[in-house]
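Observations on the three-dimensional arrangement
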Amino acid sequence: MTRLLIQRFLMIAALAFCTKPGLAQETTAPVNWSGTYLGAFAVDSFYSVRGVSKRGDGQYGANAADETADDSFRGAGLGLLLGYQHHYANGIIMGVETDWAWLRQESHQDTLVNSNNAWNGMVMASINRETRWVSTMRATIGYGEGPLMVSASAGLAAAFLAETRTQYEGLTAPTQTVARFSDTDEKIAFGWTMGVGAAWRVSEAASLRLDYVHTQFDQVGFSFPNARGGVASSYSSVQGRSVSNDVTIQMIRFGLTYAFGAGL
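The structure reproduced in this document is the subject of the present report. All chains use their own residue numbering, which begins from 1 and follows the written sequence. Where local features are concerned, this predicted model is filtered to residues with pLDDT of at least 70; where side-chain atom pairs are given and counted, the filter is 80 or more; whole-chain, interface and lining totals use all residues. Water and hydrogen atoms were dropped before computing side-chain values, which therefore reflect all heavy atoms in the structure.

This paragraph deals with the pattern of salt bridges. Oppositely charged side chains can form a pair if their charged atoms are brought close together. We count a salt bridge whenever a side-chain nitrogen from Lys or Arg sits within 4 Å of a carboxyl oxygen from Asp or Glu. If you walk through the whole model with that rule in mind, you get 19 salt bridges. Close ionic contact of E106 with R104 constitutes a salt bridge, the shortest N to O distance being 3.3 Å. Given a relative accessible area of 35%, E106 falls into the partly exposed group. Only protein chains enter the accessibility calculation, which uses a 1.4 Å probe; a residue is then buried when its area is under 20% of its type maximum, exposed when over 50%, and partly exposed in between. Classification of R104 as exposed rests on a relative accessible area of 53%. Notably, a salt bridge pairs R253 with D211, separated by 3.9 Å at the nearest N-O pair.

Structure below.
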């Protein structure tokens, strides 16, 4: 999936380069990309999480290990960005940019009973994962020629992540597991980001923009203190869970920016 997102971005960037010469000839004066700019964008995002799940006391346990995160899912959202850049005479463009994106990303992972008992194969616990927003602050460097600008960026990232664990209990007559309670833990995670992008000036101040942004958050901790040891006789044993996840969020963003102080 990661490779597919990158391939899509590179294909669109290549098309932009191929069409640049003809369109650039229509511009009679050089484009100045200097100035402050404000933008809005739509997001197609891809989330992956890999982690370690232990008992609440930090020790490994079979049931806790079965809940280890290994999940991938997609989402979408909307965002805003604000930046400043300076366009030098040699074409180099340097600046700084910050953005915030609201994301609708959510997944559900069930853990099944893996024991030689009547509830084998039934749900033991479920984990619901959410990404509510992502924000970055990045230094940017690029090159502008005519109406086209390409750039790369790197910096810091933050994200609001939430996990909800639902505990199940095993019942008889009929034999089944049923949801009893849920624990939710929320974290603002901090990490790093890097990306590439391209912008095309469509008027004196407005530009269409396409970006690929990679964000990484490592060892994000979640705690579920009320998790049980199992669904049957061990249901009364409060074991707890201690989770550490590595989270990757990749975004393809398409939007429109308006520059203050830049013009043709």
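Structure's up, so let's keep going.
A separate point is the environment of K187. Runs of E in the DSSP output that reach at least two residues are strands. Runs of H or I that reach at least four are helices, and both are numbered from the N terminus. Turning to its location among the elements, K187 is positioned in strand β6 (residues 176-201). Separated by 27 residues in sequence, K187 and F160 place their C-alpha atoms 5.9 Å apart. Contact definition: two residues touch when any of their heavy atoms are within 4.5 Å. Not counting chain neighbours up to four residues away, the residues in contact with K187 comprise A159, F160, L161, V220, G221 and F222. Polar side-chain contacts of K187 include one of 2.4 Å to the backbone oxygen of G221. Contacts described as polar in this section are N or O atom pairs within 3.5 Å, which, within protein, must combine one atom able to donate a hydrogen with one able to accept it, while residues neighboring in sequence count only if both atoms come from side chains.

Looking now at empty space enclosed by the protein. Here a cavity is any set of points on a 1 Å grid over the protein atoms alone where a 1.4 Å probe fits but cannot get out, and a pocket is any open set with protein on both sides within 12 Å along at least 5 of 7 lines; a residue lines the site when it has an atom within 4 Å of a point. Grid points are joined across faces, edges and corners, and a volume is the space filled by probe spheres set on the points. With the rule as written, the count across this model stands at 4 cavities of 30 Å³ or more. Size it by volume and the largest cavity reaches roughly 140 Å³. E97, T140, S151, R209 and D211 are, among the 20 residues lining the largest cavity, the residues nearest its centre. Top element by residues in the lining of the largest cavity is β6. It accounts for 5 residues. Grouping the constituent residues of the lining of the largest cavity by class yields 9 nonpolar, 7 polar and 4 charged. Space inside the second largest cavity adds up to approximately 110 Å³. Around the second largest cavity, the lining is made up of 14 residues, and of these W33, Y37, Q85, M149 and T257 lie nearest the centre. Those elements that place two or more of their residues in the lining of the second largest cavity are β1 (35-55), β6, β7 (206-224) and β8 (241-260). Gly is put with the polar residues, along with every residue not named as nonpolar or charged; the nonpolar set is Ala, Val, Leu, Ile, Met, Phe, Trp, Tyr, Cys and Pro, and the charged set is Asp, Glu, Lys and Arg.

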